[in-house]
Amino acid sequence: MKSGRMTELELIVDLHLGTERQGPGSKAITLTALQLIPNSNDIKTVADLGCGTGGQTLTLAQHLNAQITAVDLFPEFLEEVNVRAQNEGVANQIGVLQKSIDDLPFKEELDLIWSEGAIYNLGFKNGIQLWKDYLKPGGYLAVSEITWITGSRPKEIQEFWTHAYPEISQAKDKIVDLEDNGYNLVGYFKLPPESWLKTYYEPLEKTIPAFLERHDHSELAQKVAQEYLDELSLYKKYSKYFSYGFYIAQKE
Ligand code: SAH
């Protein structure tokens, strides 16, 4: 792609290319969530929705005897999933699908839907409702979602998130959403700060100088980079109050 002609969205994709994760999470977090699923040996069909460059897809392939469809909107990410799957020797287990995660060709056929840091694009309630039709009865949903981790919080962060994502709430509310929509909670935990900093923000921050260089320090590239730096300072200031929650639930 030629810099200067890139849109803001293309720049965001470009900034994240080559990073291991595009949201808070880590291999250890993926495994912790996976271990909460009983009889995971029986899982054969999986979709990883909003897979990005496939960090969690590879971990799932390495720990399940399953066929995984990795879904994302952006072909650049999916190409990277394919390359990483080849390098890790799990290409035979992973197929990619370039589609929107609210319009998928699955009909009550999946044993497991995995989705880290992506359901907010549909909204949590909307996402869990749509995705239920893709799961077999008794199938599992494992999803991470931005979550308040205290009962109250300073006004600045309250306002930031309520504006950015009005559906942000505490875990107890998300669990009610799951129960109201035909799922039973199997497990929940919140992501620790290192899964924001060590595996997401810090690696991303390191790629910023090369990213700016690649785009001749264009105004738009600087804006895109600055947004991540602002998000990072906000996270550092208020990490006591919010995190991602990992919700593991079973369809009734
Ligand atoms: N699961 C990865 C990536 C999370 S970032 C990780 O945790 O590292 C969110 C991902 O969702 C991005 O890769 C983005 O391209 C993808 N995405 C956003 N909206 C989407 C949509 N409507 N359909 C498919 N993918 C989408």
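Residues numbered from 1 in each chain as written. Predicted model: local features only at pLDDT ≥ 70, side-chain atom pairs only at ≥ 80, totals over all residues. Heavy atoms only, no water.

**Q** Outline the packing of helix 2 (residues 27-35) against helix 3 (residues 55-63), supporting the account with residue identities and numerical values.
**A** Where helix 2 meets helix 3, the closest approach of the two axes is 9 Å, and the angle between their N-to-C directions is 50°. One element, helix 2, and the other, helix 3, form an angle in the oblique class. Relative to helix 3, helix 2 is oriented so that their crossing is right-handed. The segment helix 2 lies against helix 3, with K27, T30, L31 and L34 engaging Q56, T59, L60, Q62 and H63. Of the residues in the contact of helix 2 with helix 3, the class split is 3 nonpolar, 5 polar and 1 charged. (Axes fitted to C-alpha atoms, helices over the stretch in contact; angles between N-to-C directions. Helix = DSSP H or I, 4+ residues; strand = E, 2+ residues; numbered from the N terminus. Parallel < 35°, antiparallel > 145°, perpendicular 65-115°, else oblique. Left-handed = near helix turned anticlockwise from the far one by under 90°. Contact = heavy atoms within 4.5 Å. Nonpolar A, V, L, I, M, F, W, Y, C, P; charged D, E, K, R; others polar.)

**Q** An account of the site of the ligand is needed here, citing residue identities and associated values.
**A** Around the ligand lies a shell of 18 residues, among which Q22, G50, D72, I101 and E116 are the nearest. G52 is positioned with one of its backbone polar atoms (N or O) 3.5 Å from an oxygen atom of the ligand. A distance of 3.1 Å is found between a nitrogen atom of the ligand and a side-chain nitrogen or oxygen belonging to Q56. Relative to its unbound accessible area of 570 Å², the ligand is 91% covered by the protein chains. Taken together, the residues of the shell around the ligand sort by class into 6 nonpolar, 8 polar and 4 charged. (Near = heavy atom within 4 Å. Polar contact = N/O pair within 3.5 Å; in protein donor to acceptor, adjacent residues only side chain to side chain. Areas by Shrake-Rupley, 256 points an atom, 1.4 Å probe, with all protein chains shown as cover.)

**Q** So what's going on with the pattern of salt bridges? Residues and values would help.
**A** Under the defined criterion, the tally for this structure stands at 11 salt bridges. D111 is the partner of K136 in a salt bridge, and the nearest nitrogen-oxygen pair spans 2.7 Å. Of this pair, K136 sits in strand 5 (residues 135-148) while D111 sits in strand 4 (residues 110-115); the two residues are 25 residues apart in sequence, bridging distant segments of the chain. Residue class for K136 comes out partly exposed when judged on its relative accessible area of 32%. (Salt bridge = Lys/Arg side-chain N within 4 Å of Asp/Glu carboxyl O. Buried < 20%, exposed > 50% of the residue type's maximum accessible area, 1.4 Å probe, protein only.)

**Q** Go over the side chain of K251, please, and point to the residues and values.
**A** Mapped onto the secondary structure, K251 falls in strand 8 (residues 242-251). K251 sits in the buried class, given a relative accessible area of 6%. At 3.0 Å, the side chain of K251 and the side chain of E108 are in polar contact.

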